[in-house]
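# Inside the fold
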Amino acid sequence: MIDIQKLSVSYKKQQTLKDLTYNFKAGQIYGLLGPNGSGKTTLFKAILNLVPYSGSVTTLKESTIGHLIEYPGFYANLTCQENLSLHASYINLFDLDFSHMFNKLNLSEEKEKKFKNLSLGMKQRLGLIRAMMNNPDIILLDEPTNGLDPIGIKDMREIIIREIKSAERTAVISSHMLHELTAFADTLILIKDGVLIGHLFNSRDPYGLVSVNFIEKTDTEFKKQFQHPVNILKTDIDFKIYGNYEELSVFYSNCERHSLESLYVTVMNLNIQGMKLL
């Protein structure tokens, strides 16, 4: 579990995260989706306390966090085995047998290779082993398929589904590629310009978008009437409500039907001035 309240981060007098509030629950894989520069990596660094921030980030007491943020950092002239043993010692884990992890991530034949001689896909998988070595309660993966070829992307997707998902674990995985996140995420979270602008169940059901001049329902009424997440955006000209098409179309005859891709493109192009995630 990760509970974030009013989280803001500034860098060189510019806000890179703006008043983020969200509760990430255990047993879920969250797909953090947004264009490059939207604040995905900064959010992960704030959760890890690697950047100064205002607001709060709360996890359960004694929760452990595994992470792969940006490029996996290992020593170029050490072997895979040597690198992992060294990183394990940093968190007071000694004499670990990594054989089963090398097997699970198809790196058994490379464990004695120096890091500098690995392909990018192998380096990413080694980074995953490091992230999972202490069976963490929380895993943060920042664009784990970035730069991989189609086979590497497929391998990474299968590893995430097979090894990362757990009833007790909270996993947050970022990407700017919609189709990658939909392959394994339970919930999709949209971020733009440092602001969380929506969350959606990852579903094959169609999504809906409604334009209204004012909001008639209270937050409590929205929550009672809709089982799926509902998002309200204030734009420069009106309000947009989006979520599950079947639920929204019952109450709004002008509800537009969207695929996830078309909804994402539409929402990202809005001039957003305020939002509510219900």
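Presented here is an overview of the structure given in this document. All values reported here derive from a predicted model rather than from experimental measurement. (Residues numbered from 1 in each chain as written. Predicted model: local features only at pLDDT ≥ 70, side-chain atom pairs only at ≥ 80, totals over all residues. Heavy atoms only, no water.)

Another aspect to go through is the packing of helix H4 (residues 120-132) against helix H5 (residues 150-164). Packing of H4 against H5 leaves a shortest axis separation of 12 Å and a crossing angle of 15°. Considering the angle they form, H4 stands roughly parallel to H5. As for how H4 packs across H5, the hand of that crossing is right-handed. Taking contact as the criterion, the partners of Gln124, Arg125, Leu128 and Met132 in H4 are, on H5, Met156, Ile159, Glu163 and Ile164. For the contact of H4 with H5, the per-class residue count stands at five nonpolar, one polar and two charged. (Axes fitted to C-alpha atoms, helices over the stretch in contact; angles between N-to-C directions. Helix = DSSP H or I, 4+ residues; strand = E, 2+ residues; numbered from the N terminus. Parallel < 35°, antiparallel > 145°, perpendicular 65-115°, else oblique. Left-handed = near helix turned anticlockwise from the far one by under 90°. Contact = heavy atoms within 4.5 Å. Nonpolar A, V, L, I, M, F, W, Y, C, P; charged D, E, K, R; others polar.)

Now for the sheet that holds strand S4 (residues 54-59). Hydrogen bonds between backbone groups are what pair the strands of a sheet, and the pairing can be parallel or antiparallel. As summarised here, the arrangement of the three strands in space is S2-S1-S4, forming an open sheet in which the pairing is antiparallel. Lying at the two open borders of the sheet, with one neighbouring strand each, are strand S2 (14-24) and S4. Here the average twist between neighbouring strands, direction ignored, is 20°. Bridge count for strand S1 (residues 2-11) against S4 is five bridges, and the pairing is antiparallel. (Pairing = 2+ DSSP bridges.)

For the rest of this paragraph, the subject is the pattern of salt bridges. The full count for this structure, using the stated rule, is eight salt bridges. The residue Lys104 makes a salt bridge to Glu163 at a minimum N-O spacing of 3.7 Å. Of this pair, Lys104 sits in helix H3 (residues 99-104) while Glu163 sits in helix H5; the two residues are 59 residues apart in sequence, bridging distant segments of the chain. We classify Lys104 as partly exposed; its relative accessible area is 41%. The class for Glu163 is buried, based on a relative accessible area of 15%. The partner of Lys276 in a salt bridge is Asp219, with the nearest N and O atoms 3.2 Å apart. With Lys276 in strand S14 (residues 272-277) and Asp219 in helix H7 (residues 219-225), this pair connects stretches of sequence that are 57 residues apart. (Salt bridge = Lys/Arg side-chain N within 4 Å of Asp/Glu carboxyl O. Buried < 20%, exposed > 50% of the residue type's maximum accessible area, 1.4 Å probe, protein only.)

Now for the packing of aromatic side chains. Taken as a whole, this structure holds five aromatic pairs when the rule is applied. When the centroid spacing of 5.0 Å and the interplanar angle of 85° are considered together, the rings of Phe24 and Tyr30 count as edge-to-face. The class of Phe24 is buried, set by a relative accessible area of 1%. These aromatic residues form a ring-pair network of at least three members: Tyr22, Phe24 and Tyr30. Seen from the ring of Phe74, Arg130 lies directly overhead, with NZ or CZ sitting 4.6 Å from the centre. One Lys or Arg, Arg257, reaches over the ring of Tyr245 and ends 5.2 Å from the middle of that ring. (Phe/Tyr/Trp six-rings, centres within 6.5 Å; stacked < 30°, edge-to-face > 60°. Lys NZ or Arg CZ within 6 Å of the ring centre and 35° of its normal.)

With that out of the way, let us pick up a nonpolar patch on the surface. Taken together, the side chains of Tyr75, Tyr90 and Ile91 present a nonpolar region at the surface, about 320 Å² in accessible area. Residue class for Tyr90 comes out partly exposed when judged on its relative accessible area of 48%. (Patch = residues over 30% accessible without salt bridge, like charges linked within 9 Å, V, L, I, M, F, W, Y side chains within 5 Å. Areas by Shrake-Rupley, 256 points an atom, 1.4 Å probe, with all protein chains shown as cover.)

Every buried residue of helix H9 (residues 260-268) is listed here: Leu260, Leu263, Tyr264, Val267 and Met268. Seen from one end, H9 has its buried residues packed into an arc of 120°, which puts them on one side. (Arc of directions from axis to C-beta.)

We now examine the sheet that holds strand S9 (residues 195-201). With mixed pairing, six strands are arranged side by side in an open sheet as S5-S6-S7-S3-S8-S9. Whereas interior strands pair on both sides, the edge strands pair on one side only; in this sheet they are strand S5 (65-68) and S9. Geometrically, the sheet is characterised by an average inter-axis angle of 15° between neighbouring strands, direction not taken into account. For strand S6 (residues 138-142) and strand S7 (residues 170-175), the ladder comprises five bridges, and the chain directions are parallel. Each residue of the ladder has a partner; that of Ile139, found in S7, is Ala171. Packing against the sheet, H4 makes contact with S5 and S6, and its axis sits at approximately 170° to S5.

Before going further, it helps to examine the environment of Tyr242. For Tyr242, the position within the fold is in strand S12 (residues 239-244). Residues Tyr242 and Leu141, 101 residues apart in the sequence, show an inter-C-alpha distance of 27 Å. At 2.7 Å, the side chain of Tyr242 forms a polar contact with the backbone oxygen of Ile197. (Polar contact = N/O pair within 3.5 Å; in protein donor to acceptor, adjacent residues only side chain to side chain.)

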